[in-house]
Amino acid sequence: MKVLNVNTTVMEILTGSGYIVKFHSSVPFYIVNHRESALYCASEATICITFEHNEKKLQSFYSMLMREKLTHLARLREEARLGGGQKRIDAQHAKGKLTARERLDLLLDENSFTEIDMFVKHRCRDFGLDKHRYPGDGVVTGYGRISGRLVFVFSQDFTVMGGSLAEAHGAKICKIMDMAVKMGAPVIGINDSGGARVQEGVVSLGAYADIFLRNTLTSGVVPQISAVMGPCAGGAVYSPAITDFIFMVRNTSYMFVTGPKVVKTVTHEEISSEELGGADTHATKSGVAHFALDSEVEAIEEIRRLLSFIPSNNLEDPPVKECRDPADRADEMLDTIVPDNANKPYDIKEVISHVVDDGDFMEVHADFARNIVVGFARLGGKPVGIIANQPAVLAGVLDINSSRKGGRFIRFCDAFNVPLVTFEDVPGFLPGTDQEWNGIIVNGAKLLYAYSEATVPKITVITRKAYGGAYDVMNSKHIRGDVNFAWPTAEIAVMGPKGAVEIIFAKQMAQADDPEKMSERLIADYTEKFASPYIAAERGYVDEVIEPRLTRAKLITALTMLNNKVDSNPRKKHGNIPL
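Residues numbered from 1 in each chain as written. Predicted model: local features only at pLDDT ≥ 70, side-chain atom pairs only at ≥ 80, totals over all residues. Heavy atoms only, no water.

Undergrad: I tried to follow the overall build of the chain on my own but got confused; where do I start?
TA: What the chain contains, in helices and strands, is 20 helices and 21 strands. The long-range share in the chain, meaning contacts at least 24 apart out of those at least 6 apart in sequence, stands at 70%. As presented, the chain carries roughly 27700 Å² of accessible surface, and 53% of it is formed by carbon and sulfur atoms. (Helix = DSSP H or I, 4+ residues; strand = E, 2+ residues; numbered from the N terminus. Contact = heavy atoms within 4.5 Å. Areas by Shrake-Rupley, 256 points an atom, 1.4 Å probe, with all protein chains shown as cover.)

Written out as structure tokens, the structure reads:
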């Protein structure tokens, strides 16, 4: 007796022909009657069939059955790929937006995407949802590669019930996040959703909370990147908020906890979605968005670029790139970039571009708190995180927003083994009631805490001013700065010479025949004695005073020396950063 397995769900044992035939199928297939040389279509799951001893005909039957099943599989896949249907896809394109799958095609290396849970459907039967059960349940999930490196992705599909999130939708996202942590690969989420699926009630809220928990536990383990390419409102905003970087697209994406209608009802303010939570609003005012781009294509290109600077997880080093820019390249322009007048501004981004490999600097949070500059670059092919005071904006002073911006960037770099390079030109913290009443003390402490806690290689270059508490905060030697350089133009003091003279010599100047002339002389004396880099160098607070043109070579040499640096913090569950 021979046993032939045709499929695997329902079984019927047949005798009389020398065969035991096992059938398992819930889809239509064919009954073969060899004696009558006829085919009969059957939709029943179990069928009695008698076969003659004809191997070729039997195998032909199996081949035909397999073709039917493969055709059925292809049909299901095509249905899933269509999402909410062609009309809704056309509507998505009419808004200037790509579909969930088109976005993944652009994001990932060609033919590298493997989809997971394509056929998952929701199980809700209330409010007529049993008539709207789409394969995938409004989100495409899986894994692929970016520049050959493994990443896990999810892309919400607005064409399926507005991309609304509920039990099955959320479970798909949680699955790929769990996989990403196990494999040590970044998670990239493309958000385009109307929010929680109201019909599923508290189950939808539970699904959001499941994602929030994973965002939190995954933080600092693998990079998490959010691309907001449509609506992201209500509780949905908290998932991107916990992730490391948020990309938004002008005029087509927005984020807010409560929308314009609620705002109007509660506060009587008339405001559009774009004004309330659009890309430019969050890139300039709130600081929620790290990048605001003009199109989805640009946003996706920048995500790929960002990943080139950061490692796949917290146990790896950032990816090194071949560098053709000479490590010992000197740039004489740097010798003259700082003006003779200490009150005259200059653009710190010019300094950065003349120092880093090929002038390639990827600025993060470019339009928010512009008095500090943060971003990624390479030195000798190795990625570094750059933090720099910007004298061209508010004289480079530190305030609430710049402290928050710098602190969060430093903590990301420290979590993912990216060395820190600081360019310092800071006159202090911004004075005023607005700053004091809104918490400059605790917010300034965030920047101080981040620098102090960081154990990655930390290098500082003081280009000009380093006054007061801001000198301490900006990676001074006293908070574990590894290598601290100063240009000859550096002024390191408790405060600016003019202010110091006005305090120290107030009585003498009040009694002087020519207070202005006396002030000039005293300021010059104070600068020479107390505000030059050599006083700090005498005490070892500055490791070396260097020629500006040699900054690149000095930084690369220091980074190479620090390559095997080991540092640690006291054993503890976690610190209590002043949030």
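Undergrad: When you look at the packing of aromatic side chains in this model, what are you seeing that I'm missing?
TA: One pass over the structure, following the stated rule, counts eleven aromatic pairs. An angle of 20° between the planes, with centres 5.9 Å apart, marks the rings of tyrosine 208 and phenylalanine 212 as stacked. Taken together, the residues span about one helical turn, with tyrosine 208 and phenylalanine 212 both in helix α5 (residues 202-218) at a distance of four residues. On the basis of relative accessible area, tyrosine 208 is assigned to the buried category, the value being 8%. A centroid spacing of 6.0 Å and a plane angle of 20° characterise the contact between phenylalanine 309 and phenylalanine 376, whose relative ring orientation is stacked. Placement of the pair is phenylalanine 309 in the loop between α10 (296-307) and α11 (348-355) and phenylalanine 376 in strand β15 (residues 372-379), with a sequence separation of 67 residues. (Phe/Tyr/Trp six-rings, centres within 6.5 Å; stacked < 30°, edge-to-face > 60°. Buried < 20%, exposed > 50% of the residue type's maximum accessible area, 1.4 Å probe, protein only.)

Undergrad: Would you mind going over the packing of helix α12 (residues 400-415) against helix α14 (residues 440-453) with me for this structure?
TA: The angle between the axes and the distance between the axes are what describe a pair of packed helices. Running from N to C, α12 and α14 point in directions that differ by 20°, and their axes come no closer than 8 Å. As summarised for this structure, α12 and α14 are arranged roughly parallel, according to the angle between their axes. For the crossing formed where α12 meets α14, the hand is left-handed. Here Ile400, Ser403, Arg404, Gly406, Gly407, Ile410, Arg411 and Asp414 of α12 come into contact with α14, specifically with Ile440, Asn443, Gly444, Lys446, Leu447, Tyr449, Ala450, Tyr451 and Glu453. When its residues are assigned to classes, the contact of α12 with α14 shows seven nonpolar, five polar and five charged. (Axes fitted to C-alpha atoms, helices over the stretch in contact; angles between N-to-C directions. Parallel < 35°, antiparallel > 145°, perpendicular 65-115°, else oblique. Left-handed = near helix turned anticlockwise from the far one by under 90°. Nonpolar A, V, L, I, M, F, W, Y, C, P; charged D, E, K, R; others polar.)

Undergrad: Help me understand unusual backbone geometry, please; the structure alone is not making it clear to me.
TA: Leaving glycine aside, a negative phi is the common case for residues, and trans is the common case for peptide bonds. At asparagine 111, a position not held by glycine, the phi torsion is positive, near 60°. On the basis of relative accessibility, which here comes to 77%, the residue asparagine 111 falls in the exposed class. One non-glycine residue, asparagine 251, adopts positive backbone phi at about 75°. Along the chain, asparagine 251 turns up in the loop between β11 (245-249) and β12 (254-256).

Undergrad: Help me understand the confidence of the model for the chain, please; the structure alone is not making it clear to me.
TA: Keep in mind that low pLDDT regions are not for reading the predicted coordinates in detail. In the predicted model, the chain carries a mean pLDDT of 87, and the fraction of residues at 70 or more is 89%. In this model, residues 1-53 is a region of pLDDT below 50 whose contacts with residues beyond four sequence positions or in other chains number 108 contacts. (pLDDT = per-residue confidence, 0-100.)

Undergrad: Just to check I follow, could you spell out the pairing of strand β17 (residues 420-426) for this structure?
TA: Note on strand geometry: in a regular strand, side chains alternate between the two faces of the sheet. A large share of β17 lies buried, amounting to seven of its seven residues. The alternating pattern of β17 places Leu420, Thr422, Glu424 and Val426 and Val421, Phe423 and Asp425 on opposite faces, both of which are buried. For the crossover from strand β16 (residues 382-389) across α12 to β17, the handedness is right-handed. Pairing between β17 and strand β18 (residues 458-467): six bridges, direction parallel. Of the residues in β18, the one forming a bridge with valine 426 is alanine 466. (Right-handed = clockwise from strand over helix to strand, strands pointing away. Pairing = 2+ DSSP bridges.)

Undergrad: It is not clear to me how the packing of helix α4 (residues 167-183) against α5 should be interpreted in this structure. Could you clarify?
TA: One can describe the packing of α4 onto α5 by two numbers: an axis separation of 8 Å at closest approach and a directional angle of 15°. Judged by the angle between their axes, α4 and α5 are roughly parallel. The chirality of how α4 crosses α5 is left-handed. Together, Glu167, Gly170, Ile173, Cys174, Met177, Asp178 and Val181 of α4 and Val203, Ala207, Asp210, Ile211, Arg214, Asn215 and Thr218 of α5 make up the contact between the two elements.

Undergrad: Explain the pattern of salt bridges here, please?
TA: It is possible for side chains bearing opposite charge to pair when their charged atoms get close. Going through the model one piece at a time under the given rule, you end up with 26 salt bridges. Among the salt bridges present, the one from arginine 103 reaches aspartate 192, with a minimum N-O distance of 3.1 Å. Of this pair, arginine 103 sits in helix α3 (residues 100-107) while aspartate 192 sits in the loop between β8 (187-191) and α5, and the two are 89 residues apart along the sequence. Here arginine 103 matches aspartate 192 in class, with each residue buried. Arginine 411 is the partner of glutamate 453 in a salt bridge, and the nearest nitrogen-oxygen pair spans 2.5 Å. Of this pair, glutamate 453 sits in helix α14 while arginine 411 is found in helix α12, placing the two residues 42 residues apart along the sequence. The class of arginine 411 is partly exposed, set by a relative accessible area of 35%. Shared partners join several salt bridges into a network, and the residues in it are Asp325, Arg329, Asp331, Asp357 and Arg552. (Salt bridge = Lys/Arg side-chain N within 4 Å of Asp/Glu carboxyl O.)

Undergrad: Would you mind going over the pairing of β8 with me for this structure?
TA: For β8, the tally of buried residues reaches five of five residues, placing the bulk of the element in the interior. Neither face of β8 is exposed, since Val187, Gly189 and Asn191 on one face and Ile188 and Ile190 on the opposite face are all buried. In terms of handedness, the path from strand β7 (residues 149-156) via α4 over to β8 forms a crossover that is right-handed. Strand direction decides the pairing type here: β8 and strand β9 (residues 224-228), joined by five bridges, are parallel. Directly across from isoleucine 190, in β9, lies its bridge partner alanine 227.

Undergrad: Just to check I follow, could you spell out the sheet that holds strand β5 (residues 114-116) for this structure?
TA: Across a sheet, paired strands are connected by hydrogen bonds in the backbone, their directions being either parallel or antiparallel. Sheet architecture is open: seven strands sit in the order β5-β6-β7-β8-β9-β11-β13, paired in mixed fashion. On the outer flanks of this sheet lie β5 and β13 (291-293), each paired with one strand and no other. For this sheet, the mean inter-axis angle between neighbouring strands, taken without regard to orientation, is 20°. For β11 and β13, the ladder comprises three bridges, and the chain directions are parallel. Looking at β13, one finds that valine 249 is bridged to leucine 293. Of the strands in this sheet, β5, β6 (139-146), β7 and β8 touch α3, which is tilted by about 160° from β7. Where α4 meets the sheet, its contacts fall on β5, β6, β7, β8 and β9, and the angle it forms with β7 comes to roughly 170°.

Undergrad: Can you walk me through the nonpolar core in this structure?
TA: Taken as a class, soluble globular proteins show a tendency for nonpolar side chains to be buried jointly. Counting 49 residues, the largest nonpolar core has Leu107, Ile188, Phe376 and Ile387 as its most contacted members. Among the elements that make up this core, the one with the highest residue count is α10 (five residues). With residues up to four places along the chain from it excluded, the contact list for isoleucine 188 reads Leu107, Ile146, Val151, Phe152, Val153, Phe154, Ile225, Ile303 and Leu307. Core analysis: the second largest hydrophobic core is formed by 29 residues, Val351, Phe361, Val373 and Leu559 among them. (Core = buried A, V, L, I, M, F, W, Y, C linked by side-chain atoms within 4.5 Å.)

Undergrad: Would you mind going over helix α18 (residues 515-530) with me for this structure?
TA: Structural remark: α-helix, 3.6 residues per turn; residues separated by three or four positions point the same way. The first and last C-alpha atoms of α18 sit 21 Å apart over 16 residues, in line with the 22 Å expected at 1.5 Å per residue. Listed in full, the buried residues belonging to α18 are Met518, Ser519, Leu522 and Tyr526. Seen along its axis, α18 keeps its buried residues to an arc of 100°; they face one direction. Exposed residues on α18 whose side chains face more than 90 degrees from its buried face are Glu516, Lys517, Glu520 and Glu528. Contact partners of the buried residues in α18: β20 (491-493), α16 (497-504) and α17 (506-511). (Expected span 1.5 Å × (residues − 1). Arc of directions from axis to C-beta.)

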